[in-house]
Amino acid sequence: MTAIDDDFETIRIETPGEYVGQLVLDRPEDMNTVSAQMLEELDEAVDVLEDHEEVRTIYITGEGEKAFSAGADVSSNGAMSNREGVEHSRYGQRVFGKFRQSDLPVVAGIDGYALGGGLELSMCADLRVASESSEMGLPEHNLGLLPGWGGTQRLQRLIGESAAKYVVFTAERISAERMHELGFVHEVYEDDEFEEKALEFAQNVAGGPPIAQKYTKRAMREGWDSMEAGLELEASGFGHLLDTEDLSEGITAFVTDQEPEFEGK
C-alpha cells in the first residue's frame, strides 16, 4: 500500500489496489469525527485524488472498527455566531458536495457508526457498502439542531421523502440491514469479511471504463435537477464514446468471453 500524499494530519490517502484511491478518515481516538481541519483537508483531498493519473475510483473509509465517522466534532468548532454557523454549514455542504461533483466514482465503506456529518459525507458517495454491525443515523434533532451538511436535501433524493423524514425525525440509530432495505446501502458484508469484500467492491468499480463512467456521472448529476439536461448529456456522451478504444476493448472482450481491460482511451 502506497501513500499518495503525506501532508495531511486528519486523513490519509493510499492506494490499496489497482486504480483505487483510498481516503481514510484518520481520527480513531475521536471516532473519526469531522473537525474543522478535517473539512479543509477533505476539500484538498478531492483535488489530489482527481489529479492522480492512477486513481479511477475514490474509496472513503474510517480508521478503526468503531466508526466510519460519528459526525461533526463540535468541540473543535467552538462557539459560533449565527452568521458563522450559516457559513460553516455552507462550507461543509460544498466540501462534501465535491465528492458528488467529481467525475470519479466514489464508494463509501461504512464500518461502525456513520452518524450526523459522517452519514452526510457518505450520502455524497455514488455507492455505499457496510458491515453488518454498522449503525447509521442523523441524531441532530436530539441536540435541537438539524442536519446541516446536506442531510435535509440529499437523503430524501436517495431514499425518498418519507423514509428520509423517518431517519431525521426519529434521530435513531438504524441498522445496516434496514438502511439496505431503504436503498441507502448497496451491499452488507459480515464483519470479519468487510475489509476484504468492501475493497473488492471498490476495485470492481475502478476496473470499469473510466470515460464512460465520467459521462455517466455527469449525465446523472445533471438529470437530478433536469431530466432534459440529463438526456442531452447522455446523448452527447453516447456519441463521444463511439470513438474510444475502450469501446473496442469492451466489444472484443464480450465477443471472446473475456474480461475487458479498459485503459481510459
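Remember, it's a predicted structure, so these values are computed and weren't measured experimentally.

Caption draft 1: Structural context of the pairing of strand β3 (residues 20-25). Counting buried positions along β3 gives six out of six residues, so the element sits mostly inside the fold. The two faces of β3 match: Val20, Gln22 and Val24 on one face and Gly21, Leu23 and Leu25 on the other face are all buried. In this structure, strand β2 (residues 11-17) lies alongside β3, joined through five bridges in antiparallel fashion. Residue Glu14 lies in a different strand from β3, and its bridge partner there is Gln22.

Caption draft 2: Main features of the nonpolar core. With 46 residues, the main nonpolar core has Leu23, Leu25, Leu42, Ile60, Phe99, Met136 and Phe184 as its most contacted residues. Ranked by the residues each element gives to this core, the list is headed by helix α1 (residues 36-51), at seven residues. Filtering out sequence-adjacent residues up to four positions away, Leu42 remains in contact with Ile11, Leu23, Leu25, Val95, Phe96 and Phe99. Membership of the second largest hydrophobic core comes to 13 residues, among which are Val20, Ala198, Phe201 and Ala202.

Caption draft 3: Fine view of the packing of aromatic side chains. For the coordinates displayed, the defined rule picks out one aromatic pair. Ring centres of Phe96 and Trp149 lie 5.3 Å apart, and the angle between their planes is 75°; on these two criteria the pair is classed as edge-to-face. Separated by 53 residues along the polypeptide, Phe96 in helix α3 (residues 82-101) and Trp149 in the loop between β9 (135-137) and α5 (151-159) bring together distant segments of the chain. Both residues of the pair, Phe96 and Trp149, belong to the buried class. Here the basic side chain of Arg100 rests over the ring of Trp224, its NZ or CZ set 3.6 Å away from the ring centre. If you follow Arg173 out to its NZ or CZ, it ends over the ring of Tyr113, 4.7 Å from the centre.

Caption draft 4: Representation of unusual backbone geometry in the model. The phi dihedral of Met31 falls on the positive side, at around 55°, and the residue is not glycine. Within the secondary structure, Met31 sits in the loop between β3 and α1. The backbone of Asp257 shows a phi angle near 60°, a positive value even though the residue is not glycine. Mapped onto the fold, Asp257 is located in the segment after α11 (245-255).

Caption draft 5: Looking closely at the environment of Glu140. Position of Glu140 among the secondary structure elements: in the loop between β9 and α5. Sequence-wise, Glu140 and Gly71 are 69 residues apart; in three dimensions their C-alpha atoms are separated by 9.7 Å. Residues within four places of Glu140 in sequence aside, it is in contact with Gly116, Gly117, Glu120, Leu145, Leu146 and Pro147.

Caption draft 6: Region of the structure containing the sheet that holds β9. Pairing in this open sheet of four strands is mixed, and the strands run β5-β7-β9-β10 from one edge to the other. Edge positions in the sheet fall to β5 (67-69) and β10 (174-175), since each has one partner strand and no second. As paired elements, β9 and β10 share two bridges and run antiparallel to each other. Along β10, the bridge assignment pairs Met136 with Ile174.

Caption draft 7: Looking closely at the packing of α3 against helix α9 (residues 210-225). Taken N-terminus to C-terminus, the directions of α3 and α9 make an angle of 125°; their axes are 10 Å apart at the nearest point. Judged by the inter-axis angle, α3 sits oblique to α9. Residues Phe99, Arg100 and Gln101 of α3 form the contact with α9, whose own contacting residues are Lys217, Arg221 and Trp224. Among the residues forming the contact of α3 with α9, the class breakdown is two nonpolar, one polar and three charged.

Caption draft 8: Expanded view of the pattern of salt bridges. The final tally for this structure, using the stated rule, is 14 salt bridges. The closest approach of N and O atoms between Arg27 and Asp30, which form a salt bridge, is 3.1 Å. For Arg27, a relative accessible area of 12% translates into the label buried. Judged by relative accessible area, which is 34%, Asp30 ranks as partly exposed. One connected set of salt bridges, linked through shared partners, spans Arg12, Glu14, Asp26 and Glu63.

The rules behind each value
Residues numbered from 1 in each chain as written. Predicted model: local features only at pLDDT ≥ 70, side-chain atom pairs only at ≥ 80, totals over all residues. Heavy atoms only, no water. Buried < 20%, exposed > 50% of the residue type's maximum accessible area, 1.4 Å probe, protein only. Helix = DSSP H or I, 4+ residues; strand = E, 2+ residues; numbered from the N terminus. Pairing = 2+ DSSP bridges. Core = buried A, V, L, I, M, F, W, Y, C linked by side-chain atoms within 4.5 Å. Contact = heavy atoms within 4.5 Å. Phe/Tyr/Trp six-rings, centres within 6.5 Å; stacked < 30°, edge-to-face > 60°. Lys NZ or Arg CZ within 6 Å of the ring centre and 35° of its normal. Axes fitted to C-alpha atoms, helices over the stretch in contact; angles between N-to-C directions. Parallel < 35°, antiparallel > 145°, perpendicular 65-115°, else oblique. Nonpolar A, V, L, I, M, F, W, Y, C, P; charged D, E, K, R; others polar. Salt bridge = Lys/Arg side-chain N within 4 Å of Asp/Glu carboxyl O.

These values are about where atoms sit, not about what they do.
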